[in-house]
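Summary of the model geometry
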Amino acid sequence: MHMLITLIVGLVVGALAKLVMPGKDPGGIVITMLLGVAGSFIASVLGHSLGWYAIGEGPGLIASVVGAIILLGFYRLVAYPRRTW
């Protein structure tokens, strides 16, 4: 049941991140879920390293969306490099 809740939260977080950063992104619902789950993981790692969260405490929805936005921005830099010629 925990995995199902994680995927649903990941879908919501990924969708919110794509809503904040609109643009052309390939991928459907699975990529959006992975983006949200990975964004939550990034927010958790950053929060623990900065001392915002205690051990065993997870990030909130806003921090997860910020982590997903960071991941989406990095993905766009790698997947769609600007050509200068």
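Above this text is the structure in question.
Residues numbered from 1 in each chain as written. Predicted model: local features only at pLDDT ≥ 70, side-chain atom pairs only at ≥ 80, totals over all residues. Heavy atoms only, no water.

**Observations concerning the environment of Ala-15**
Residue placement: Ala-15 occurs in helix α1 (residues 2-20). Residue class for Ala-15 comes out partly exposed when judged on its relative accessible area of 36%. A sequence separation of 53 residues divides Ala-15 from Ala-68, and the C-alpha atoms of the two residues are 9.5 Å apart. (Helix = DSSP H or I, 4+ residues; strand = E, 2+ residues; numbered from the N terminus. Buried < 20%, exposed > 50% of the residue type's maximum accessible area, 1.4 Å probe, protein only.)

**Comments concerning a nonpolar patch on the surface**
A surface patch of nonpolar side chains, about 660 Å² in accessible area, is lined by Leu-46, Leu-50, Trp-52, Ile-62, Val-66 and Ile-70. For the nonpolar patch, the elements supplying multiple residues, two or more each, are α2 (29-50) and α3 (61-79). Here Leu-46 is to be found in helix α2. (Patch = residues over 30% accessible without salt bridge, like charges linked within 9 Å, V, L, I, M, F, W, Y side chains within 5 Å. Areas by Shrake-Rupley, 256 points an atom, 1.4 Å probe, with all protein chains shown as cover. Salt bridge = Lys/Arg side-chain N within 4 Å of Asp/Glu carboxyl O.)

**Topic: the environment of Val-20**
With respect to the element layout, Val-20 can be found in helix α1. It is 7.8 Å that separates the C-alpha atoms of Val-20 and Ile-69, two residues lying 49 residues apart in sequence.

**Some words on the nonpolar core**
One finds Val-13, Ala-17, Leu-35, Val-65, Ala-68 and Leu-72 forming the largest nonpolar core, which totals six residues. Every element with two or more residues in this core is listed here: α1 and α3. It is α3 that provides the largest number of residues to this core, a total of three residues. Discounting residues that sit within four places of it in the chain, Leu-35 has contacts with Gly-14, Ala-17, Lys-18, Ala-68, Leu-71 and Leu-72. (Core = buried A, V, L, I, M, F, W, Y, C linked by side-chain atoms within 4.5 Å. Contact = heavy atoms within 4.5 Å.)

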